[in-house]
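A closer look at the structure
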Amino acid sequence: MSDIATYNFAYLDEQTKRMIRRAILKGIAIPGYQVPFASREMPMPYGWGTGGVQVTASIIGPDDVLKVIDQGADDTTNAVSIRAFFRKVADVETTTDTTKATIIQTRHRIPEQPLVDGQTLVYQVPIPEPLRFLEPRETETRKMHALEEYGLMHVKLYEDIARNGHIATTYAYPVKVEGRYVMDPSPTPKFDNPKMHMSAALQLFGAGREQRIYAIPPYTKVVSLDFEDHPFEVQTFDRPCALCGAEQVYLDEVILDDRGGRMFVCSDTDFCEKRREAGHVGELGMAMEDVR
Amino acid sequence: MNAHVSSRADDGPLLRVSSVSKSYGARTGCEDVSFELWPGEVLAVVGESGSGKTTLLNCISSRLLPTSGSVSYRMRDQTWRELYRMSEAERRFLMRTDWGFVHQNPADGLRMTVSAGANVGERLMAIGDRHYGNIRSTAIDWLGRVEIDADRIDDEPRAFSGGMRQRLQIARNLVTSPRLVFMDEPTGGLDVSVQARLLDLLRGLVADLGLAAIVVTHDLAVARLLSHRMMVMKDGRVIETGLTDRVLDDPREAYTQLLVSSILQV
Amino acid sequence: MATPLVVSEVAKGFVMHLRGGLKLPVVEDVSFSLKAGKCAVLGGPSGAGKSSILKMLYGNYGVDAGQIIVQHRGTLVDLARAAPRVVLAVRRETIGYVSQFLRTVPRVSALDVVAEPLTAAGGDRDAARDRAAALLERLNLPKTLWSLPPATFSGGEQQRVNIARGFITDHPILLLDEPTASLDAVNRQVVIDLIAEKKQAGVALLGIFHDQDVREAVADMVIDVTSFAPKRVAA
């Protein structure tokens, strides 16, 4: 441990953690409101989850169990390194099992396994401002949030329908939180939007480069915006997971060869593995016993 | 439709401007301007650049806090409200429902990167319209009224000519049936033939809808064609006011006579 | 309603600020009244102020002194002091005016130019167009021109559009500023007939007519404008 003796627990100094915790508490008190915070330099580039890592570092304690997913997967570079980072600087236990984790840091997915009381989901957010694409002025977007002027959000959805015949936004789909603030749920697929609604878990969002933190407390109403004649709909997949046969889950496309071969598998790797362990088999999958 | 104009005009003024002054430090923007505007009435504010007419327009359209004086408006529920005692939320709501503002440069009043239909529909969505089909058909109707073909509804204003952009800006403002529209040099920067078409269109819309309007212009021909009444400004003050054709045909003040005599006759 | 308009002690002059404040008095002590069903004619050489008087009565020129009392909506209004809004209402409902020249509006058809005073007063658009068509027909304006904006018409054609526009309303007072100036004999006669019909309908008319024949045909009384000449000429 001598090589990290110069680091404080969980990398950030205590003053910084206090500052970030204050921002988090304010975010929880005003669900969906973007709280500015003094984002720190982290030992990783922007875009690799500096906001999420700072939030996690500020709330994590020695007894926490951390899970990190990247697009649903526990085994990608980003997820593996962040897990290693916290093992090193906080000496905490890590897991890939959703049910065992107390803190789940995520990039762009919500686990298929419903979250429960006491769990915290930390999102890595690249652009927190849902109005940004149509209104470049920060002063103006802040005013629009303050005065609840959200017509512009529907302009974006209108454009979608005008161009595509339906609301083509499939990720970062805007939601209204507790009937007040319109929020960008980070680039999660809109498939996951309904999971945010009345979730038992505390949901925290950290945008490092943009220096914003926002939150959804447990059991909060989260409604996806839509039109009366074009209601919000989640993506549906016309097939089950090729490995575990799960239906009504979010699937990733996997290219198998250079002749057009491909398959669709659960984006949530932990969920998929558990199903296969329980004996579910998809059309291209093998039973777990056979793999071993 | 015009029947309303004369009857409504008897209901009393819509806007009361009392002793409005705006100074920028030692420099005067406008000074001690007072007038009333009645429903259906079009007032032209003329003067050369620097005369304070745009400052005045901004002061009475809630875009610039006056140094002193007051601006009161009769709301749709007939109550009088003082503009700068309203909350910002109320003022902004007024601006996008019962009021309109037509900028000289259409890019200042349009969202250049969203379609014409969304530009027209934005105000509807802002006041809570959540039916795509209705919003779209209203937008098509308004594009037609400003002489833009319905098949341009999904084009961005970037692809429009200057005259079309200005007409789109007008449609975007009028879609919520405002009772008062502010216009800042609405025909400035357009070719003469395009100007004539726009003026004629504006003239028709203002008359058909019974709109009250305040038009800032340095072009006396625009004032003659659009307005009932005129205010001539010089050095921040109103120096002459009256019926538009009276001011233009029998100007009293030296400066007004100079302005009128400076018009090129063709 | 026998005397819908009374002018008393009206004075008018111009101050030419661009020429060193030169004062040009035009008329003073102008006093006369108009009778319903009669046509009064302003007489006197050109430059005597006939047109200025007409323009003051229409609110187009300012009035320096005196009163112009008009019966408007059952009350008496002093046009010399009336607010612009009131002047516009008087023009819409009470005083009509046929000017010497048509001020053309781009892109509006001749028919709509003529119908406009009726629609502006709240009249039905189709009914107004029918009346406009009937007048243009009487004034022999070729039908092919009706749907065109009058900007490119000849002087005589424009003048006939202008006359139709002035005569279309039922205003109780009608001011005529040389309405026959550029008309041929046939159309001059039409105007004389139109004036006679207005008189029949109880309209009070006041006109300036250069044409001796027309003047004699329509005038019930002549107001000598030279009697309103300013007594003191400014230095």
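Please read all numbers here as calculations on a predicted model, not as lab measurements.

Definitions and cut-offs
- Residues numbered from 1 in each chain as written.
- Chains lettered and ligands numbered in written order.
- Predicted model: local features only at pLDDT ≥ 70, side-chain atom pairs only at ≥ 80, totals over all residues.
- Heavy atoms only, no water.
- Helix = DSSP H or I, 4+ residues; strand = E, 2+ residues; numbered from the N terminus.
- Rg over C-alpha atoms; globule rule 2.2 N^0.38 Å.
- Buried < 20%, exposed > 50% of the residue type's maximum accessible area, 1.4 Å probe, protein only.
- Contact = heavy atoms within 4.5 Å.
- Areas by Shrake-Rupley, 256 points an atom, 1.4 Å probe, with all protein chains shown as cover.
- Lys, Arg positive; Asp, Glu negative; His and termini not counted.
- Charge placed at Lys NZ, Arg CZ, Asp CG, Glu CD.
- Buried area = accessible area lost by both parts, 1.4 Å probe.
- Salt bridge = Lys/Arg side-chain N within 4 Å of Asp/Glu carboxyl O.
- Polar contact = N/O pair within 3.5 Å; in protein donor to acceptor, adjacent residues only side chain to side chain.
- Nonpolar A, V, L, I, M, F, W, Y, C, P; charged D, E, K, R; others polar.
- Core = buried A, V, L, I, M, F, W, Y, C linked by side-chain atoms within 4.5 Å.
- Pairing = 2+ DSSP bridges.
- Axes fitted to C-alpha atoms, helices over the stretch in contact; angles between N-to-C directions.
- Arc of directions from axis to C-beta.
- Phe/Tyr/Trp six-rings, centres within 6.5 Å; stacked < 30°, edge-to-face > 60°.
- Lys NZ or Arg CZ within 6 Å of the ring centre and 35° of its normal.

Things to note about the overall build of chain A
The number of helices and strands found in chain A is 8 helices and 12 strands. Expected size for 292 residues packed as a compact globule is a radius of gyration near 19 Å; at 20 Å, chain A falls within 12% of this value. With the principal axes as the frame, chain A shows a C-alpha extent of 60 × 60 × 35 Å. Across the 292 residues in chain A, those meeting the buried criterion constitute 55%. Across chain A, contacts joining residues at least 24 apart in sequence account for 60% of those joining residues at least 6 apart. A total accessible area of about 13,400 Å² is found for chain A, and carbon and sulfur atoms account for 51% of it. Where the 33 positive side-chain charges of chain A centre and where its 43 negative ones centre are 5 Å apart.

Focus on helix α3 (residues 88-97) of chain B
Note on helix geometry: an α-helix contains 3.6 residues per turn, so any two residues three or four positions apart are oriented the same way. Buried residues of α3(B): R91(B), R92(B), L94(B), M95(B), R96(B) and T97(B), and no others. Buried residues belonging to α3(B) abut α4 (138-146) of chain A together with β4 (68-74), β6 (99-102) and α5 (116-126) of chain B.

Some details on the interface of chain B and chain C
With 30 residues of chain B in contact, the opposing surface of chain C contributes 29 residues. Regarding the contact of chain B and chain C, the summed buried area is about 2,400 Å², with carbon and sulfur atoms giving 51% of it. Counting across the interface, chain B meets chain C through 4 salt bridges. The tally of links between chain B and chain C comes to 9 residue pairs in polar contact (both at pLDDT 80 or more). Elements represented by at least two residues in the side of chain B that touches chain C include exactly α1 (3-8), α8 (192-209), α9 (220-226), β10 (237-243), α10 (244-249) and α11 (254-261) of chain B. For the side of chain B that touches chain C, the leading source of residues is α8(B), giving 6 residues. Class assignment of the residues belonging to the side of chain B that touches chain C gives a composition of 9 nonpolar, 6 polar and 15 charged.

Some words on the nonpolar core
In terms of nonpolar packing, the biggest core is built from 56 residues, with Y158(A), F227(A), V120(B), L168(B), I170(B) and M183(B) touching the most fellow members. In terms of residue count, the dominant contributor to this core is helix α5 (residues 151-164) of chain A (7 residues). When sequence neighbours within four positions are dropped, the list of residues in contact with M183(B) reads L57(B), V102(B), L202(B), V206(B), A213(B), I214(B), V215(B) and V216(B). V105(C), V108(C), L118(C) and V214(C) belong to the second-largest nonpolar core, a separate cluster that totals 40 residues.

So, the interface of chain A and chain B
In this assembly, 21 residues from chain A lie in contact with 22 residues from chain B. Both faces considered, chain A and chain B share a buried interface measuring about 1,900 Å² in area, 56% of it formed by carbon and sulfur atoms. At the boundary of chain A with chain B, the tally comes to 6 salt bridges. Measuring nitrogen to oxygen at the nearest pair gives 3.5 Å for the salt bridge that ties R111(B) to E135(A). Joining chain A to chain B, the criterion identifies 13 residue pairs in polar contact (both at pLDDT 80 or more). Sorting elements by how many residues they give to the side of chain A that touches chain B places α5(A) first, with 9 residues. In terms of residue class, the side of chain A that touches chain B is built from 9 nonpolar, 3 polar and 9 charged.

Examining the sheet that holds strand β3 (residues 42-46) of chain B
Residue and element names in this part refer to chain B. In space, the 6 strands of this open sheet follow the order β6-β7-β8-β3-β9-β10, with mixed pairing throughout. Every other strand in the sheet has two partners, leaving β6 and β10 as the edge strands with one partner each. Recorded for the sheet is a direction-independent mean angle of 15° between the axes of neighbouring strands. Pairing of β6 with strand β7 (residues 180-184), which is carried by 4 bridges, proceeds in the parallel orientation. For F101, the partnering residue across the bridge sits in β7 and is F182. The strands touched by α11 are β3, β9 (229-234) and β10; relative to β9, the strand with the most contacts, the crossing angle is about 105°.

Describing the pattern of salt bridges
Should the charged atoms of two oppositely charged side chains come close, the side chains can pair. Considering all chains together, one arrives at 56 salt bridges over all chains under this definition. With a closest N to O distance of 2.9 Å, R96(B) and E149(A) form a salt bridge. Linking R96(B) in helix α3 with E149(A) in the loop between α4 and α5, this pair reaches from one chain into another. Here R96(B) falls in the buried class, since its relative accessible area comes to 18%. The closest approach of N and O atoms between K274(A) and D270(A), which form a salt bridge, is 2.9 Å. Highlighted residues: K274(A) and D270(A), both in helix α7 (residues 269-277), separated by 4 residues, approximately one helical turn. One continuous salt-bridge network, built from bridges that share partners, spans E135(A), R137(A), R111(B), E122(B) and R172(B).

A word on the pairing of β3(B)
Residues and elements named next belong to chain B. Counting buried positions along β3 yields 5 of 5 residues, so the element is predominantly enclosed. Pairing between β3 and strand β8 (residues 212-217): 5 bridges, direction parallel. Paired with A44 across the two strands is V215, which belongs to β8. The pairing of β3 with β9 spans 4 bridges and is parallel. Residue pairing in the sheet places V45 in a bridge with M231 of β9.

What to know about the sheet that holds strand β9 (residues 212-216) of chain A
All names here are of chain A. Read across the open sheet, the 7 strands follow the order β1-β9-β8-β5-β4-β2-β3; overall the sheet is mixed. Whereas interior strands pair on both sides, the edge strands pair on one side only; in this sheet they are β1 (35-36) and β3 (93-94). Bridge count for β1 against β9 is 2 bridges, and the pairing is antiparallel. Note on β9: the bridge partner recorded for P36 is R212. On top of the sheet, helix α2 (residues 50-59) reaches β2 (65-70), β4 (103-107), β5 (120-124), β8 (202-207) and β9; it is set at about 150° to β5, its chief contact.

Considering the side chain of R160(C)
All names here are of chain C. Topologically, R160 is positioned in helix α5 (residues 155-167). Buried charged residue R160 carries no salt bridge. Nearest counter-charge: E157, at 4.9 Å. Once you skip the residues sitting within four places of it in the chain, R160 turns out to touch L139, N140, L141, L183 and N187.

Points about α4(A)
Buried residues of α4(A): E140(A), T141(A), M144(A) and H145(A), and no others. For α4(A), the angular spread of the buried residues around the axis is 140°, confining them to a single face. Against the buried residues of α4(A) lie α5 and β7 (181-183) of chain A together with α3 of chain B. Residue E148(A) follows α4(A) closely and has a positive phi angle near 60°.

Here's the deal with the side chain of H171(C)
Residues and elements named next belong to chain C. Positionally, H171 belongs in the loop between α5 and β7 (173-177). Side chain to side chain, H171 and T169 meet in a polar contact 3.0 Å long. If we ignore the near neighbours within four places in the chain, the residues touching H171 are R91, R92, E93, T94, I95, G96 and V203.

Considerations on the packing of aromatic side chains
Under the definition given, this model contains 16 aromatic pairs over all chains. Ring geometry for Y73(B) versus W99(B): centroids 5.2 Å apart, planes at 90°, classification edge-to-face. Here Y73(B), found in strand β4, pairs with W99(B), found in strand β6; they are 26 residues apart in sequence, far enough to count as distant. Comparing Y73(B) with W99(B) shows no difference in burial state: the two are buried. Through a chain of ring-to-ring contacts, three or more aromatic side chains come together here, namely Y73(B), W99(B), F101(B) and F182(B). One Lys or Arg, R180(A), reaches over the ring of Y181(A) and ends 4.2 Å from the middle of that ring. Stacked on the ring of W80(B), the Lys or Arg R16(B) has its end atom at 4.2 Å from the ring centre.

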